[in-house]
Amino acid sequence: MSLNPHWVALFGALIVGVLGQILLKTGAAAPGSVLEQVFRPATLAGLALYGGGAFLYLYALRGIPVSVAFPSAAAQYVVVAVVGWLVWAEPVGMQQVAGLALIVCGVLLLATA
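Residues numbered from 1 in each chain as written. Predicted model: local features only at pLDDT ≥ 70, side-chain atom pairs only at ≥ 80, totals over all residues. Heavy atoms only, no water.

K.L.:
Could you clarify how one ought to interpret the packing of aromatic side chains in this entry?
P.N.:
The description of two aromatic rings rests on the distance between their centres and on the angle between their planes. Taken as a whole, this structure holds zero aromatic pairs when the rule is applied. Over the ring of Trp-88 we find Lys-25; its NZ or CZ atom is 5.9 Å from the centre of that ring. (Phe/Tyr/Trp six-rings, centres within 6.5 Å; stacked < 30°, edge-to-face > 60°. Lys NZ or Arg CZ within 6 Å of the ring centre and 35° of its normal.)

K.L.:
Sorry if this is basic, but what is going on with a nonpolar patch on the surface here?
P.N.:
Residues Val-34, Leu-35, Val-38, Phe-39, Leu-44, Leu-47 and Tyr-50 make up a contiguous nonpolar surface patch of about 670 Å² in total accessible area. Where the nonpolar patch is concerned, the elements lending two or more residues are helix 2 (34–38) and helix 3 (41–61). Tracing the sequence through the fold places Val-34 in helix 2. (Patch = residues over 30% accessible without salt bridge, like charges linked within 9 Å, V, L, I, M, F, W, Y side chains within 5 Å. Areas by Shrake-Rupley, 256 points an atom, 1.4 Å probe, with all protein chains shown as cover. Salt bridge = Lys/Arg side-chain N within 4 Å of Asp/Glu carboxyl O. Helix = DSSP H or I, 4+ residues; strand = E, 2+ residues; numbered from the N terminus.)

K.L.:
Got a minute to help me understand unusual backbone geometry in this structure?
P.N.:
A positive phi angle is found at Ala-89, which is not glycine, with a value near 55°. Residue position: Ala-89 is located in the loop between helix 5 (75–88) and helix 6 (94–111). Using a relative accessible area of 62% as the deciding quantity, one classes Ala-89 as exposed. (Buried < 20%, exposed > 50% of the residue type's maximum accessible area, 1.4 Å probe, protein only.)

K.L.:
Could you clarify how one ought to interpret the side chain of Ser-72 in this entry?
P.N.:
Structurally, Ser-72 can be placed in helix 4 (residues 66–72). By relative accessible area, Ser-72 is classed as buried at 3%. Those residues in contact with Ser-72 that sit more than four places away from it in its chain are Leu-10, Leu-14 and Val-107. (Contact = heavy atoms within 4.5 Å.)

K.L.:
Any chance you could explain the nonpolar core here in plain terms?
P.N.:
Trp-7, Ala-9, Leu-10, Ala-13, Leu-14, Tyr-57, Ala-60, Ile-64, Val-68, Ala-69, Ala-73 and Ala-111 together form the largest nonpolar core, which totals twelve residues. Of all the elements in the fold, those that place two or more residues in this core are helix 1 (5–29), helix 3 and helix 4. For this core, the element with the highest residue contribution is helix 1, accounting for five residues. For Ala-9, the contacting residues outside a window of four places in its chain are Leu-56, Tyr-59 and Ala-60. (Core = buried A, V, L, I, M, F, W, Y, C linked by side-chain atoms within 4.5 Å.)

K.L.:
Could you clarify how one ought to interpret helix 3 in this entry?
P.N.:
The end-to-end C-alpha distance of helix 3, which contains 21 residues, comes to 30 Å, matching closely the 30 Å that a straight helix rising 1.5 Å per residue would cover. Residues of helix 3 that are buried include every one of Ala-42, Thr-43, Gly-46, Gly-53, Tyr-57 and Ala-60, and no others. Looking straight down helix 3, one finds its buried side chains confined to an arc of 90°; they lie on one side. Seen from the buried face of helix 3, the exposed residues on the opposite side, beyond 90 degrees, are Pro-41, Ala-48, Phe-55 and Leu-58. Of the surrounding secondary structure, the elements contacted by the buried residues of helix 3 are helix 1, helix 2 and helix 4. (Expected span 1.5 Å × (residues − 1). Arc of directions from axis to C-beta.)

K.L.:
I would appreciate a short explanation of the environment of Gly-27 in the present structure.
P.N.:
Tracing the chain through its elements places Gly-27 in helix 1. A residue is classified by how much of its surface remains accessible, and Gly-27, at 1% relative accessible area, is buried. Taking the C-alpha atoms as reference points, Gly-27 and Leu-61, 34 residues apart in sequence, are found 30 Å from one another. Apart from the residues lying within four places of it in its own chain, the contact partners of Gly-27 are Gln-37, Arg-40, Ala-42 and Thr-43.

Now the structure itself:
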């Protein structure tokens, strides 16, 4: 994997997606109705980050095969699961750890193909 602008854009899309997910969780964790949740600043910022991440992902697809880029996006699951465990004390069982390890192995295999 060479460090070219398309890979940088993919990495940026993944980071922005993780940040968006964290902000969505932050907006969802506060009390109130679903309508209040939708209009919380954290929720709106999370949605905006997802939109920005989509543009980065589109650029990445110009130089990376979708068969590699899309599975690489699965790395977000791993990061978000770790953040959920660290920040919100969400449970992570052995099956989840095994699944996350398989995701990491799959992403590494595809990224080096």
